[in-house]
Amino acid sequence: MEIPKFKTLEIFQKSPNPSVFHLILNNPSLKSALSLDFFTEFPKALVSLDQNPNVNVIILSSHGDHFCSGIDLNAFNSIMKSQSDDQGRVRERLRRVIKGLQDAITAVEQCRKVVIASIHGACVGGGIDLITACDIRYCTKNAFFCVKEVDLAITADLGTLQRLPGIVGYGNAVELALTARRFTAEEAKGFGLVSKVFESKSALDEGVYSMAKGIAMKSPLAVIGTKEVLLRSRDMSVDQGLDYAATWNSAMLPSADLTEAISAQMQKRKPTFAKL
């Protein structure tokens, strides 16, 4: 499939094998701030990668010195502008705009393929929204993080307040969101926000790519099923989550992937799975 082109993003693949694709925030002059164009393009990019049978894993990173400095403040001016004096209509439009921005971030979870965040430099405001929607997060030693919105006199509304507590714990999320303090890579690791801290950007790139390759070589059906069941179970009781997992496996278990995995184990070779 042809790789689409975007203004605020870049998509590329280092090599045809394994099935790992890079999705890169491409706005280094503004420290990878999220523009209105980004919120239009990002879900389209994820849909294209999701539908591409050559893609098993997506690495989300950025060009420049920082992963993401938050939402482009110029976007706020555009969002707040209105041609109407009717405050009811102004607020209804604003709600629709916010819902659209939320949907762009939620597109990470709606993508069947695993999305790994590779973070360096600043990850602030909207950057936290973005990484908390990802499946796995890694960062460099010099990365730093901040739930910045309260300092801008707004309530974070694109997913941080909903997703961060489930990742770092409610108490930690409250403290970080209310103080808007900057916290380090080591703190992020201690909180469980990131799974591993790398010494440098080059080590991060190499390490994340290695992790992605390992996942990309596994059964695609098993990987997308694991992501789906984890996300659904997050908002369910244990009994409900178990029931959903049983329903999923009753549909997906009789697959060629299972036969191939068992044969490979018995023959002591690496399995080869068909594309999705």
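Everything below is about the structure printed above this text.
Attention in this report is confined to the structure presented alongside it. Here the residue index of a chain counts from 1 through its sequence in written order. Side-chain atom pairs in this predicted model are given and counted only at pLDDT of 80 or more, local residue features only at pLDDT of at least 70, and totals for whole chains, interfaces and linings cover all residues. Side-chain descriptors were evaluated using all non-hydrogen atoms of the structure, hydrogens and water having been removed beforehand.

Digging into the pairing of strand E4 (residues 114–119)
Inclusion rule: Only protein chains enter the area calculation, which uses a 1.4 Å probe; residues under 20% of their type maximum are buried, those over 50% are exposed, and those in between are partly exposed. Going along the chain from the N terminus, every DSSP run of H or I of four or more residues is numbered as a helix, and every run of E of two or more is numbered as a strand. Only strands joined by at least two bridges in the DSSP assignment are considered to pair.
Counting buried residues along E4, six of its six residues qualify, which places the element largely inside the surrounding structure. Two strands pair when backbone bridges link them, and strand E3 (residues 57–62) and E4 are joined in this way by four bridges, in the parallel orientation. Bridge assignment links leucine 60 to a residue of E4, and that residue is alanine 117. Bridge count for E4 against strand E6 (residues 136–140) is four bridges, and the pairing is parallel. Counterpart to isoleucine 116 in the pairing with E6 is isoleucine 136.

Some points on the nonpolar core
Applied cut-off: For this analysis, a nonpolar core means a set of buried residues of the types Ala, Val, Leu, Ile, Met, Phe, Trp, Tyr and Cys, connected via side-chain atoms within 4.5 Å. Contacts are residue-level and defined by heavy atoms, with any inter-residue pair within 4.5 Å sufficient.
Ranked by size, the top nonpolar core spans 50 residues in total, and within it Leu23, Phe42, Leu60, Ile119, Ile131 and Phe145 carry the most contacts. Here this core gets six residues from one element, more than from any other, and that element is helix H1 (residues 36–51). Setting aside chain neighbours within four positions, we find phenylalanine 42 in contact with Leu9, Leu23, Leu60, Ala104, Val108 and Leu130. Core analysis: the second largest hydrophobic core is formed by 15 residues, Val20, Val57, Ile59 and Tyr209 among them.

Quick word on the sheet that holds strand E1 (residues 9–12)
Counted only if it meets this: Fitted lines through C-alpha atoms give the axes, limited to the stretch in contact for helices. The angle between two N-to-C directions lies from 0 to 180 degrees.
Strand order in this open sheet of six strands is E1-E2-E3-E4-E6-E9, and the pairing throughout is mixed. If you trace the sheet from one side to the other, it starts and ends with E1 and strand E9 (196–198), each paired once. When strand polarity is set aside, the average angle formed by the axes of neighbouring strands in this sheet is 20°. Bridge analysis of strand E2 (residues 20–25) against E3 gives six bridges, and the strand direction is parallel. Bridging across to E3, histidine 22 finds its partner in isoleucine 59. Helix H8 (residues 201–216) contacts E2, E3, E4, E6 and E9 of the sheet and is inclined by roughly 170° relative to E4.

As for the environment of valine 174
Tracing the backbone through its elements, the reader meets valine 174 in helix H6 (residues 170–179). For valine 174 and leucine 164, which are 10 residues apart along the polypeptide, the C-alpha to C-alpha distance reads 9.3 Å.

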